[in-house]
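# Structural characterization, general
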Amino acid sequence: MSLVRRAVPEDAHEVLRLRQVMIDSVFPSGSSVSSTEWHEESLPALRGRLADPDGGFAAFVVDHPERPGALAALVAGTIEYRIGRFGNPQGRVGHVFSVATDPDVRRRGYARACMEELLDWFRERGVPQVDLNASAQAEPLYASLGFVRKPDPSMRLQL
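Summary of the structure given here. Only a predicted model underlies this, so the values are computations on that prediction, with no experimental measurement involved. (Residues numbered from 1 in each chain as written. Predicted model: local features only at pLDDT ≥ 70, side-chain atom pairs only at ≥ 80, totals over all residues. Heavy atoms only, no water.)

### What about the nonpolar core?
By size, the foremost hydrophobic cluster in this structure holds 24 residues, and its most contacted members are Val96, Met115 and Tyr142. For this core, the secondary-structure elements that each account for two or more residues are strand S2 (57-63), strand S3 (71-81), strand S4 (92-101), helix H3 (110-124) and helix H4 (139-144). The greatest single-element share of this core, amounting to 8 residues, is contributed by H3. Non-local contacts of Met115, meaning those with residues more than four positions away in its chain, are made with Val75, Val96, Val99, Leu132, Tyr142, Leu145 and Phe147. Counting 16 residues, the second-largest nonpolar core is a separate cluster that includes Phe57, Val61, Ala76 and Ala100. (Core = buried A, V, L, I, M, F, W, Y, C linked by side-chain atoms within 4.5 Å. Buried < 20%, exposed > 50% of the residue type's maximum accessible area, 1.4 Å probe, protein only. Helix = DSSP H or I, 4+ residues; strand = E, 2+ residues; numbered from the N terminus. Contact = heavy atoms within 4.5 Å.)

### Things to note about the pattern of salt bridges
As enumerated under the stated definition, the model contains 11 salt bridges in all. In this structure, Arg5 and Asp11 form a salt bridge, with 2.7 Å as the shortest nitrogen-oxygen distance. Judged by relative accessible area, which is 27%, Arg5 ranks as partly exposed. By relative accessible area, Asp11 is classed as buried at 10%. Among the ionic pairs, Arg67 bridges to Asp102, the shortest N-O distance being 3.1 Å. In this pair, Arg67 is assigned in the loop between S2 and S3 and Asp102 in the loop between S4 and H3, connecting sequence segments 35 residues apart. A residue is classified by how much of its surface remains accessible, and Asp102, at 5% relative accessible area, is buried. Taken together, the shared-partner salt bridges in this structure form one network comprising Glu14, Arg17, Arg67, Asp102 and Asp104. (Salt bridge = Lys/Arg side-chain N within 4 Å of Asp/Glu carboxyl O.)

### Topic: the packing of aromatic side chains
Under the definition given, this model contains 3 aromatic pairs. Judged by centre distance (6.0 Å) and plane angle (70°), the rings of Tyr142 and Phe147 are edge-to-face. You can call Tyr142 buried: its relative accessible area is 6%. (Phe/Tyr/Trp six-rings, centres within 6.5 Å; stacked < 30°, edge-to-face > 60°.)

### Observations regarding the side chain of Thr78
Along the chain, Thr78 turns up in strand S3. Excluding residues that lie within four positions of it along the chain, Thr78 makes contacts with Gly56, Phe57, Val93, Gly94, His95, Phe97 and Phe122.

In structure tokens, the structure reads:
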């Protein structure tokens, strides 16, 4: 039996806690993104997404082995639609985000196990391409799963 399970609405607080662990590992402490003030406002939308097993969002988690009610690891992903093209005529693109492991249980393979479940979820839905943004620390994990660096001409407008 796998340690990994699909997150449910009751996991929403812990999902946000682990998302904050990931955010805090990427951005310096004291920056505006290290604030947790947004968590309460985010809960209803997250619970709704976690309650929809047929939607284009999924989160896979591992329960914390020493803290009942807590999560040890999280991986979340979405399926986006883009106009089809050669190699992806249906226009399905997966995106992985919020890969996080509680600091006290790292190096146990939890993130890898969650990633493998998420990749299976994408495959079952006919998603031929999966993108993610990788930190230098996490890149070896993603490379071992077959991800490769790509030239990225991305730009962003903050509205």
